[in-house]
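Chain residues, written in single-letter form:
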Amino acid sequence: MTAEQALELIERFPYIRTLQAPNDKVLEEFLTQAVSSDDPVEWVKAHKTGYVRAQNIGGAQRPLTDTMQACCAQAKAQLETLLCTSLGLAHADLDGFIQKQLEEDW
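Please read these numbers as outputs of a predicted model, since none were measured by experiment.

**Considering the side chain of Gln78**
Inference 1: Mapping Gln78 onto the fold places it in helix 4 (residues 66–87).
Inference 2: Engagement of the side chain of Gln78 in a polar contact is seen with the backbone oxygen of Val35, the distance being 3.3 Å.
Inference 3: Beyond its immediate stretch of four places on either side in the chain, Gln78 contacts Val35 and Trp43.

Rendered as structure tokens:
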């Protein structure tokens, strides 16, 4: 991924939806498929899904299963590694960089 592609992906973060499933078993399958793919957009979906579910955003949802937590953590790690490599950033600087980019876009 080029730096330009990485910046474009970051700009799309607010518009990338979470994964939706009728039950936890199906959601686990979706998360597993997302982290197994080579598509960074799928990794964003998986990470956002885990974040939203863990924060209980949107109401009384059940907690993440161990499998879901592992998939979401893997998606986050894959995404961070890809973005840091593409943008030439240290992992410690990535969150601040993303926040700044998103603030500038709004």
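**As for the pattern of salt bridges**
Inference 1: Using the criterion set out here, one finds three salt bridges in the structure.
Inference 2: Of the charged contacts, one joins Glu42 and Lys45 as a salt bridge, the two residues approaching to 3.1 Å between their closest N and O atoms. Here Lys45 and Glu42 lie together in helix 3 (residues 40–54), a separation of three residues that amounts to about one turn.
Inference 3: A salt bridge links Lys76 to Glu80; the nearest nitrogen and oxygen atoms lie 4.0 Å apart. Linking Lys76 with Glu80, this pair stays in helix 4, spanning four residues, or about one helical turn.

**Points about the environment of Ile10**
Inference 1: One can find Ile10 in helix 1 (residues 3–12).
Inference 2: According to the relative accessible area criterion, Ile10 is buried, its value standing at 0%.
Inference 3: C-alpha of Ile10 to C-alpha of Val44: the two residues are 34 residues apart in sequence and 9.6 Å apart in space.
Inference 4: Those residues in contact with Ile10 that lie beyond four places of it in its chain are Leu83, Leu87, Phe97, Ile98, Gln101 and Leu102.

**As for the packing of helix 3 against helix 4**
Inference 1: Where helix 3 meets helix 4, the closest approach of the two axes is 8 Å, and the angle between their N-to-C directions is 130°. The orientation of helix 3 relative to helix 4 falls into the category oblique. Here helix 3 and helix 4 pass one another in a crossing that is left-handed. For the pair formed by helix 3 and helix 4, the contact residues are Pro40, Trp43, Val44, Ala46, His47, Gly50 and Arg53 on the first element and Met68, Cys72, Ala75, Lys76, Gln78, Leu79 and Leu82 on the second.
Inference 2: Grouping the constituent residues of the contact of helix 3 with helix 4 by class yields nine nonpolar, three polar and two charged.

Parameters at a glance
- Residues numbered from 1 in each chain as written.
- Predicted model: local features only at pLDDT ≥ 70, side-chain atom pairs only at ≥ 80, totals over all residues.
- Heavy atoms only, no water.
- Helix = DSSP H or I, 4+ residues; strand = E, 2+ residues; numbered from the N terminus.
- Polar contact = N/O pair within 3.5 Å; in protein donor to acceptor, adjacent residues only side chain to side chain.
- Contact = heavy atoms within 4.5 Å.
- Salt bridge = Lys/Arg side-chain N within 4 Å of Asp/Glu carboxyl O.
- Buried < 20%, exposed > 50% of the residue type's maximum accessible area, 1.4 Å probe, protein only.
- Axes fitted to C-alpha atoms, helices over the stretch in contact; angles between N-to-C directions.
- Parallel < 35°, antiparallel > 145°, perpendicular 65-115°, else oblique.
- Left-handed = near helix turned anticlockwise from the far one by under 90°.
- Nonpolar A, V, L, I, M, F, W, Y, C, P; charged D, E, K, R; others polar.

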